[in-house]
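Coordinate analysis (summary)
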Amino acid sequence: MSVVKAISAFAQRSVRRRHAFELLAYSGGAVALLLLFSTWIVAQAQVAPRASYALDGLPPIPWSVLGLTDLFMVGLLAAVLFVLVPATVAATVAAERRAGTLDQLRTTPLDPLSLLAGLVIGAPARFYLLCAGPFALHVLCGLTGVIPLETLLTTTVTLAIGGAVCALLAVVIALAPRQEQGGAFVALGVAAIIGISGFIAIALSTEHSGSSWAFLHPAGALNSAMMSYDGLWRHLCTSPWNLDHFDRASYIDTLNLAPFLFALFALATGVVLCRAACRKLAASHLPLFGKLQALVLFSLVAAAVILPFGQERELRSYLAATLPLVFGLFLLPVAAALGLFATPSFEAWALRIRSGRRARAFADDAPPHHAVWAMLAVFVALVVVRVLPLGYLEIVPQRGLVALAWACFTAATLPLYMEFAATRYATAATRGAFGVAVCAHLFLQLIAIGISSSSHSGVYETTYIELAILFALVVPSWVLFRQSALRKRTLAVRKA
Amino acid sequence: MGPSSAPLLSVEQVSLSYDGLRHAVSELSFSVQAGSIFALVGPNGAGKTSTLRMLATLAEPTLGVIRVDGVDAARDREAVRRRVGYLPDNFALYDQMTPVEYLAFFARLYGVDAKIQASRIDGLLEEFDLTQKRASAIRTLSRGMRQRLGVAKTLVHDPKVLLLDEPASALDPGARLKLREALLRLRRRGIAVLISSHILPDLSGLADAVGIMEGGRMIHCGAIDDVASQARGARVVYGIDVQKSDPARRAIADFGSRIVSSEETTPGHFEVTVDGGPDVVADLVDALVLRGARVSHVAPRESALEAVYRASAAAQVA
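Residues numbered from 1 in each chain as written. Chains lettered and ligands numbered in written order. Predicted model: local features only at pLDDT ≥ 70, side-chain atom pairs only at ≥ 80, totals over all residues.

**Some thoughts on the interface of chain A and chain B**
Of the residues lining the interface, 23 residues belong to chain A; the matching set on chain B comes to 22 residues. Among the secondary structure elements, those contributing two or more residues to the side of chain A that touches chain B are helix H1 (2-14), helix H4 (101-106), helix H14 (346-355) and helix H20 (459-495) of chain A. Considering only residue class, the side of chain A that touches chain B consists of eight nonpolar, seven polar and eight charged. (Contact = placed C-beta atoms within 7 Å. Helix = DSSP H or I, 4+ residues; strand = E, 2+ residues; numbered from the N terminus. Nonpolar A, V, L, I, M, F, W, Y, C, P; charged D, E, K, R; others polar.)

**Side note on helix H18 (residues 414-424) of chain A**
Among the eleven residues in H18 of chain A, ten count as buried, and that is most of the element. Among the residues making up H18 of chain A, those that are buried are Leu414, Pro415, Leu416, Tyr417, Met418, Glu419, Phe420, Ala421, Ala422 and Thr423 of chain A. (Buried ≥ 20, exposed ≤ 12 C-beta atoms within 10 Å, placed from the backbone.)

**Digging into the pairing of strand E3 (residues 37-41) of chain B**
All names here are of chain B. With respect to burial, E3 is a largely interior element, five of its five residues being buried. Covered by surrounding structure in E3 are Ile37, Ala39 and Val41 together with Phe38 and Leu40, the residues of both alternating faces. Pairing geometry for E3 and strand E8 (residues 192-197), over five bridges, is parallel. Across the sheet, the residue bridging to phenylalanine 38 is leucine 194, located in E8. One ladder, built from four bridges, connects E3 with strand E9 (residues 209-214); its direction is parallel. Residue pairing in the sheet places leucine 40 in a bridge with glycine 211 of E9. (Pairing = 2+ DSSP bridges.)

**Concerning the nonpolar core**
One finds Ala90, Leu168, Ala170 and Val171 of chain A together with Leu163 and Val193 of chain B to be the most contacted residues of the largest nonpolar core, which totals 203 residues. The element that contributes the greatest number of residues to this core is helix H3 (residues 65-99) of chain A, accounting for 19 residues. In this structure, leucine 168 of chain A is in contact with Val120, Gly270, Leu273, Cys274 and Ala277 of chain A, ignoring residues within four places of it in sequence. In this structure, Val236, Ile240, Phe270 and Leu284 of chain B belong to the second largest nonpolar core, which totals 14 residues. (Core = buried A, V, L, I, M, F, W, Y, C linked by C-beta atoms within 7 Å.)

**Examining unusual backbone geometry**
All names here are of chain B. Of note, glutamine 13 is a non-glycine position whose phi angle comes to about 50°, a positive value. Among the secondary structure elements, glutamine 13 is positioned in strand E1 (residues 7-17). A residue is classified by how many C-beta atoms lie within 10 Å of it, and glutamine 13, with 12 of them, is exposed. One non-glycine residue, aspartate 69, lies in the positive phi region at around 55°. Structurally, aspartate 69 can be placed in the loop between strand E4 (63-68) and strand E5 (71-72).

**Things to note about the packing of helix H7 (residues 149-175) of chain A against helix H11 (residues 249-282) of chain A**
Residues and elements named next belong to chain A. Close contact between H7 and H11 brings their axes to 9 Å; oriented N to C, the two are set at 30°. As summarised for this structure, H7 and H11 are arranged roughly parallel, according to the angle between their axes. Seen from above, H7 lies across H11 with left-handed handedness. Within the contact between the two elements, H7 uses Thr154, Val157, Thr158, Ile161, Gly162, Ala164, Val165, Leu168, Leu169, Val171, Val172 and Leu175 and H11 uses Pro259, Phe262, Ala263, Ala266, Leu267, Thr269, Gly270, Leu273, Cys274, Ala276, Ala277 and Lys280. Here the contact of H7 with H11 is built from residues that sort into 18 nonpolar, five polar and one charged. (Axes fitted to C-alpha atoms, helices over the stretch in contact; angles between N-to-C directions. Parallel < 35°, antiparallel > 145°, perpendicular 65-115°, else oblique. Left-handed = near helix turned anticlockwise from the far one by under 90°.)

**Notes on the sheet that holds E8 of chain B**
The strands that make up a sheet pair up through hydrogen bonds in the backbone, lying either parallel or antiparallel. Residues and elements named next belong to chain B. Across the sheet, six strands lie side by side as E6-E7-E8-E3-E9-E10; this open sheet has mixed pairing. Of all the strands in the sheet, just strand E6 (84-87) and strand E10 (217-223) have a single pairing partner and so form its edges. Strand after strand, the sheet turns through a mean of 15° between neighbouring axes, direction not considered. Examined bridge by bridge, E6 and strand E7 (residues 161-165) share four bridges and lie parallel to one another. Following the sheet pairing, valine 84 is matched in E7 by valine 161. Strands E6 and E7 of the sheet are contacted by helix H5 (residues 143-154), whose axis makes an angle of about 160° with E6.

Here's what the structure looks like:
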């Protein structure tokens, strides 16, 4: 019940009752304008000749006013729910943190879940009201047969779950920094991350080879759902020379499956994100993620990235050698971000070592080593499960295995840097500078790993690899030494 | 309603440490009765805000127990939050809202019955002299009005305990006076008020009990009269105005060792530090009158609370 109360309170804070009708009127007006615009476009399209390159053997475009308006509406809904609402939510949370009003909200009897629901669902109420008109038209299209009813259902579910998970992700990103430092930048960052990844997912969904990964983003799942039936969306959003992809049953099956896979993936990740956000709202001094939450989240993302790799595809030796590295390259930033946000602050770390308590591997005040190494183990296990049955070991050259082992070793040193950055440096600027230095080191390692996995190696390449090996050993050792010195210094202060 | 025996707020041996080395709060114990005002005073960094944050359930004590109306804060935060109203230091308001909307928002979050919500908000606006600004955007309110609105917000759910962190900072004298009147009204209503401040004159005549904090520790705590009587032996500075300076100078010089120091800051005005409190001053006034100095005004330069605080601080340094 308190969830409903919180949503209602935040919604009424966002929109005054008298303004709600204005927003609904704007929403209706926008739909009417786009209907007129679509009517004009359809009239023009039906009299205009098609481009000459597209004349041969292409089916005619099934123009309809409602269909075209629906295309605009679904795009509008996706832009609002997947980008605008999360950006607004992130800005709201960041502003509340900066002003200290979040603490005032935390002193009310609301439980963290209710507060989260208020921020995710109630606070952007004005945007939901603006979505009312476009959504009503989308429903009308489903009921009048412009789009199939099952497409209406899947798109509605995708819009709802996608919007909620994107807003949840926005809250988590806004809560992640120890001190809030820039509401507008957080909002822009969230919009950029979700927007750019959405475009990538849409692009993946239009290609037969990439459509298996479209479900990773709501925009990809939405595009898949809208393309799965032979309508205006498919003809306008797919390039004419890709239309023959739709003749393959496997592609259509993948498109049909994408919204369901997305719903499953989003619900699973949403539960973890929700628990992380609630934890942070309840106790602001804790790291954003618990170690187990970070591990589960990484496992979900890693499984979503690695498992869709099709078994039917034949591995060529080059692909076989690089595939685990490519997966690793994509997942490395995910592991780094999750590990970093599961690392304790200096205060929590110092409190533990000064109290003489032994760190439990997955406790909040423990360093992130075990969690990150467990992530690495999950990654290797998924690669083994997915790639070995394809005959990886028979095809891959020895240097490919060496490169993979080197990459895993480099990834295993990440928690050393995370712990050092969180405990040694007090300000965001110094942590950032250290982060840049670590990134430069990792970049050097990645180049060396790339060179070592290729068959071309001259004198210069060999020298570079030798230097990189030296750095791979010296840099983490130096950080380990400094961390040990910091530990001794911290304990010495207590004894003094 | 007068103070009752059962404390509404009790703090028992509470400590708070962030890094295991420095204690923001160390072994703090005190209680606040219903219908009384407890002043928590101390210099910046003494641990006042950390204490209030623990009482408001925003921070968890490393050790010790906090009870509000008999409810253990560590066991049932929600129940404690229903009983507590908290105004943080340098608090922010939602500038785009009106006072009515702001109070209604928090009333909903606290689950105030919709039937009594409007009347309670009207009552609070009336009580804090904000009725005329009820429909104005909060960004247009003066600092004093914002402060009063902040206090009104803490009362919207009818709490039993009120925690105010530096509520009078940056307020003009008129606004401070209104805030003081409001706090006295709350005391009469039986609310236990814990007020943190380093502006001692504001607390004089307002607080029933005082706790003096220094370096995270409570160095002095008790009913204000008890604490003041303990400090009666301390040195107190009095300002004495006379119409004839020469006999006054002679009287002060001959008064003896009970006068620690004296200074004629302006012609006819003496700042005299006495060791012994009001009895000594009475003797000094007699001596001045006998010498024909014609005393026109005698007043302690600082309140009892200030004297207690100064004495405690001096003891800490020693």
